[in-house]
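One-letter residues, chain by chain:
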Amino acid sequence: MSTPSQKVSSSNKQIYQRLKQAIDLNLRRQIFIAACDDLRLRDCLAARLQAELSAEDGGSIPRSPIDYPRFVSLELDLNDPNPWGSIAAWLTQHPPLQNRGTYSPLPGFQILGAEHLTRHSAAVQWSFLSYLRDIEANLQMCESTLLLWVSRPWLSSIEQSAPEFWQWRTGVFEFEGEPTPAKEDEGNSEDFGNSENFGNFRDKGDSGDKLFISSESGQPSIPDSPSAAPDTKSVELADLVLAATEEEDLEAENNPASEDSGLPLQTLQYIELLQEHQCCSEALALAYHSLGNYYRDRILGGDASPQNLTIAIRAIEQVIAYLELDASSQQNQPPSEECARLIAQLTQNLTQYAEESNSLPPMDDLLNDLGTLYWMLSRDRTNGMQVPDPVSCLERSIALYLEGLNRTDAESLPQTRVRLNKNLGIASADLARYQDKTQNLQQAVAAYQQALLDLDPATEPQQYAAAQNNLATAYWNLAQDGEPIAYLKSAITAYTQALSGYSPEREPLNYAGVQNNLGTACWNLAQHEPSESLLVTAIEAYREALKYRTRELVPAAAAATYNNLATAYWHLANQFQQKQARTESLQQAIAAYEAALDIALKLDRAQLTFDTLAARNNLGLAHYQLATDPDFALNKAAQTSHLEAALDQQLQVCAEWGQHLNHKGLIYGDKLNLQSPANSQTADDCRQTALSYIVKTIRAFYSECGLPGQNLALSKVPGDLLPEILRRL
């Protein structure tokens with residue numbers, strides 16, 4: 001390569017000399033990274049390096065008869081940016097001669113052209129980083145020296161996203177210089193970086209899933225109406241972004257794998273320039289939409305912090321504000337030359353960032369996105385963060401969904417109405433937990449019913465099933481406060497309809513979840529309209545759910561369903577059946593309670609959705625019934641065994657309540673908040689109830705097994721409980 005002319009500063013000369021001396025050592029597996037943002041300077045340094053190293057071939061290091069150069073420059077293949085592949089291709093084209101009897105060391109390689117990747121898709125950029133991460137599999141190509149030329153943004157990306165390559169580096173050399181565009185892109189601004197499109201939020205149909213919509217691809221049509229000057233909201237948003245990036249910069253110092261925060265700052269610079277040149281409102285809306293998409297993608301990646309949610313909310317609010325300003329403006333002035341240039345740069349860079357960022361979605365989709373962000377913020381209770389209270393967030397979310405529905409018309413896609421109505425139902429059901437329960441649940445029911453009108457179960461079975469499941473759950477919650485029979489029957493109908501849309505083969509967990517919900521609704525209705533068939537239906541639903549809700553796959557869910565199954569069997573045994581059937585049902589209840597508790601012991605209490613102490617108490621009652629009910633007429637050995645099992649469960653319940661009251665923290669105190677006097681009294685009442693069951697079981701030992709039986713029972717009672725037990729006896 002020819003040596004271009006370029007004036008080199010004294011500091012860069014020193015860095016260059018250190019780099020050249022390091023390469024001159026000619027050690028094995030030297031991995032150097034050179035960072036230079038000035039491409040003309042980079043070209044000058046790379047050419048000089050190759051020329052000077054090649055000129056030294058006849059110097060102190062003797063060369064072999066094989067005509068290998070000392071140093072080789074390779075351009076990265078931008079269609080397949082594999083540096084190892086480029087080296088392998090060169091070695092394939094220049095194989096060593098056979099049977100020459102002289103070893104020829106491999107040349108050093110410098111790889112150029114990584115800066116051009118910024119103008120390629122995110123997939124290509126990530127493939128380059130992936131190739132770098134595969135360094136250990138390609139070390140045989142690094143027996144000599146590898147020098148990788150990159151820009152500073154790429155240096156940061158490699159450090160963060162290719163740690164395997166970074167750990168193998170021998171040295172990093174950073175040259176001073178102003179950034180310049182790549183040769184084929186001169187005249188364009190710096191791009192927005194390499195952010196991958198993570199896709200849309202997916203609506204899975206349960207109450208924890210919402211939906212974001214990406215805008216359609218294609219170049220935007222920029223109207224000519226002028227934009228307003230920066231307002232207080234844009235300044236507030238800029239302050240939020242700057243504060244977030246400062247925190248991320250501090251985190252990056254301690255965590256090299258943290259994400260680069262350059263894109264938000266670049267977007268803010270674009271926004272400032274667009275406002276300064278009074279560019280059209282849609283151009284500003286497009287820029288704010290890009291900023292919102294950046295934080296949306298972070299939320300999709302799992303970082304749904306209040307800070308990210310708030311910035312995304314403010315960005316989309318600005319998009320809506322500028323679009324409404326554009327719609328209300330009557331002026332029609334052509335953009336200035338500078339404004340047109342900025343718009344072109346903005347469009348090009350946004351296209352490189354994410355394909356959906358170069359046009360704006362319809363207003364009803366924007367309102368849906370904004371409502372979803374407020375809904376997500378309502379569910380965040382991060383300690384130490386100043387976030388709005390959930391009620392105000394949910395009220396805002398509901399208002400946005402309703403406004404989005406008002407913006408829909410006959411030409412709107414049915415999917416848009418479905419999305420808005422389903423999300424309205426979810427937010428209304430959430431708000432019902434805080435205020436106006438019946439009113440908000442009825443609004444949720446109406447919203448789900450509207451969504452179902454636009455859903456075809458034949459073509460969209462999963463969405464249809466999800467909406468029916470949510471509708472049934474809203475009915476079930478309404479049944480807890482009034483008109484239980486009517487609402488529970490409606491819930492059972494909706495759960496049954498939901499099952500028609502979920503295939504156990506394709507979606508086993510969703511199918512199992514609906515079966516569990518159906519069982520609970522049937523059991524609940526049986527408490528208001530006693531019916532053996534309802535309890536049998538509940539048991540069948542729970543057993544069907546447990547085929548897919550296994551302890552290996554979803555242990556917490558399996559434990560909850562086993563507990564539900566046990567309770568249904570216990571009620572069936574005590575309300576309807578003949579003697580033999582009652583015995584079998586109680587034995588099934590015991591087996592199911594034991595399975596639930598066995599799974600629960602292996603889980604953290606926070607993962608459980610049922611009361612383990614109530615389950616343990618019910619298990620003891622089932623054993624007690626089998627031992628004492630005259631209908632069962634068990635032999636003495638079986639009676640004693642069941643009484644011992646009942647006493648064991650009752651003693652465990654009493655011990656756990658006692659330990660909690662002694663502030664030993666063994667119980668789910670967070671749920672009960674037992675620190676308050678009223679709840680502490682409740683906890684003591686629970687312990688006293690457990691003691692009464694223990695006394696009752698000891699008396700049964702005496703009644704069924706005489707004095708030896710009573711002595712056996714007392715021998716199992718801990719010493720600290722004996723005084724209380726003996727007083728009661």
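Residues numbered from 1 in each chain as written. Predicted model: local features only at pLDDT ≥ 70, side-chain atom pairs only at ≥ 80, totals over all residues. Heavy atoms only, no water.

## Some words on the overall build of the protein
Part 1 of the reasoning: Each helix and strand counted, the protein has 26 helices and five strands in total.
Part 2 of the reasoning: Within the protein, the fraction of its 729 residues that count as buried is 50%.
Part 3 of the reasoning: The long-range share in the protein, meaning contacts at least 24 apart out of those at least 6 apart in sequence, stands at 75%.
Part 4 of the reasoning: Accessible area of the protein: about 33600 Å², with a carbon and sulfur share of 49%. (Helix = DSSP H or I, 4+ residues; strand = E, 2+ residues; numbered from the N terminus. Buried < 20%, exposed > 50% of the residue type's maximum accessible area, 1.4 Å probe, protein only. Contact = heavy atoms within 4.5 Å. Areas by Shrake-Rupley, 256 points an atom, 1.4 Å probe, with all protein chains shown as cover.)

## Section: the nonpolar core
Part 1 of the reasoning: Core analysis: the biggest nonpolar cluster contains 119 residues, and Tyr295 and Phe610 have the highest contact counts within it.
Part 2 of the reasoning: Residues within four places of Phe610 in sequence aside, it is in contact with Ala559, Ala560, Asn563, Ala596, Ala600 and Ala615.
Part 3 of the reasoning: Among the nonpolar cores identified, the runner-up in size contains 29 residues, and Leu74, Phe109, Leu155 and Trp166 belong to it. (Core = buried A, V, L, I, M, F, W, Y, C linked by side-chain atoms within 4.5 Å.)

## Describing the packing of helix H18 (residues 508-528) against helix H19 (residues 532-546)
Part 1 of the reasoning: The contact between H18 and H19 brings their axes to 8 Å, and the two run at 160 degrees. Classified by the angle their axes make, H18 and H19 are roughly antiparallel. As H18 packs across H19, the resulting crossing turns out to be left-handed. Contact residues: Tyr511, Ala512, Gln515, Asn516, Leu518, Gly519, Thr520, Cys522, Trp523, Leu525, Ala526 and Gln527 in H18; Leu534, Leu535, Thr537, Ala538, Ala541, Tyr542, Glu544 and Ala545 in H19.
Part 2 of the reasoning: In terms of residue class, the contact of H18 with H19 is made up of 13 nonpolar, six polar and one charged. (Axes fitted to C-alpha atoms, helices over the stretch in contact; angles between N-to-C directions. Parallel < 35°, antiparallel > 145°, perpendicular 65-115°, else oblique. Left-handed = near helix turned anticlockwise from the far one by under 90°. Nonpolar A, V, L, I, M, F, W, Y, C, P; charged D, E, K, R; others polar.)

## Observations concerning the confidence of the model for the protein
Part 1 of the reasoning: Residues at a pLDDT of 70 or more form 76% of the protein, whose mean pLDDT is 77.
Part 2 of the reasoning: Here residues 58-66 is a poorly scored stretch, pLDDT under 50, and it has 17 contacts once near neighbours within four places are set aside; other chains count.
Part 3 of the reasoning: Note that residues 351-357 has pLDDT below 50 and, in this model, 26 contacts with residues that lie over four places away or in other chains. (pLDDT = per-residue confidence, 0-100.)

## Thoughts on the pairing of strand E1 (residues 30-35)
Part 1 of the reasoning: With six of six residues buried, E1 lies mostly within the body of the structure.
Part 2 of the reasoning: Residue alternation in E1 divides its side chains into two sets, Gln30, Phe32 and Ala34 and Ile31, Ile33 and Ala35, and both sets are buried.
Part 3 of the reasoning: Of the pairings in the sheet, the one linking E1 to strand E4 (residues 145-150) comprises six bridges and is parallel in character. Note that in E4 the partner of Ile31 across the bridge is Leu146. (Pairing = 2+ DSSP bridges.)

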